[in-house]
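Listed below, chain by chain, are the residues.
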Amino acid sequence: MRLTKFGHSAVRIEHEGTTVVLDPGVWSQRESVEGVDAVLITHEHVDHFHPDNLRATDAPIYTISAVAAQIRDVAPDVAERVHVVRPEETWSIGTIGVRAVGELHAVIHPELPRFDNSGYLLDVGDTTVFHPGDALTGPGVPVDVLLAPVCAPWMRVSEGVEFARGLGAARNVAIHDRVFSPEGLGIVDLQFGRFLEGAGLEYRRLADGTDL
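Residues numbered from 1 in each chain as written. Predicted model: local features only at pLDDT ≥ 70, side-chain atom pairs only at ≥ 80, totals over all residues. Heavy atoms only, no water.

**Q** Explain the side chain of His8 to me, and be specific about the residues and the numbers.
**A** Mapped onto the elements, His8 comes out in the loop between β1 (2–5) and β2 (11–15). Within polar-contact distance, the side chain of His8 engages the backbone nitrogen of Asp177 at 3.5 Å. A polar contact of 3.2 Å, which involves the side chain of His8, links it to the backbone nitrogen of Arg178. (Helix = DSSP H or I, 4+ residues; strand = E, 2+ residues; numbered from the N terminus. Polar contact = N/O pair within 3.5 Å; in protein donor to acceptor, adjacent residues only side chain to side chain.)

Okay, structure coming up:
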């Protein structure tokens, strides 16, 4: 398996001739979608979903109904490639198995409406990889690699640490990391590293374009 970080929450995964990318949003590099077999989108926010990135590939797009509706409005030229998925639905993309996990975005503020959100659990050979989108909802099964949100308007760092530590993935790769300044991210990395590595779990924040 090859796992490459491409800005904020965009992660590209390659395995035995199949390539998928998750959440290539407005802060993600366009190259993240080059040559992919599928695009997976967790929810409708621009840092996870950007029409121009969808236009840069002819791959099928898997996402929830709320995002499908957004695509029909802002990018009708790619709407025919959209496949709507439901909670707990499972399917395969080439050599990679996928399961949709969860239904709701984390609470941003009690007075704001909840958005729909689907995480994705990927079976990549003998390795499971989980991308939760903007939620702290686990898949209920062991995870080998967690793509861990590390800073967000809807999350305290301590909540992110506890989510990751509770899932117990042997390897934790930071995502959702464009919200803080470099100085703030230094503190985030210190805290995630301290608590996860103290529990015997690996923590890494990859530079854009680099691989795990």
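Still to come is the rest of the account.
**Q** Could you give an account of unusual backbone geometry, with specific residues and numbers?
**A** Positive phi values are uncommon outside glycine, yet Glu16 reaches one of about 45 degrees. As for its position among the elements, Glu16 is in the loop between β2 and β3 (18–22). Accessibility expressed as a relative area gives 65% for Glu16, which makes it exposed. (Buried < 20%, exposed > 50% of the residue type's maximum accessible area, 1.4 Å probe, protein only.)

**Q** Quick one: what's the story with the pairing of strand β12 (residues 171–175), residue by residue and with numbers?
**A** Of all five residues in β12, four are buried; the element is thus mostly enclosed. In terms of strand pairing, strand β11 (residues 145–149) meets β12 through five bridges, oriented parallel. Bridge assignment links Leu147 to a residue of β12, and that residue is Val173. Handedness of the crossover joining β11 and β12 through helix α3 (residues 157–167) is recorded here as right-handed. In the sheet, β12 pairs with strand β13 (residues 202–204) via three bridges, with the strands oriented parallel. Along β13, the bridge assignment pairs Val173 with Arg204. What joins β12 to β13 is helix α4 (residues 182–198), and the crossover it makes is right-handed. (Pairing = 2+ DSSP bridges. Right-handed = clockwise from strand over helix to strand, strands pointing away.)

**Q** Give me the pairing of β3: which residues, what numbers.
**A** Extensive coverage of β3 is indicated by the burial of five of its five residues. Here β3 shows two buried faces, one formed by Thr18, Val20 and Leu22 and the other by Thr19 and Val21. Hairpin connection between β2 and β3: a loop of two residues separates the two successive antiparallel strands, and Glu16 in this loop has a positive phi of roughly 45 degrees.

Keep in mind these numbers describe shape, not what the thing actually does.
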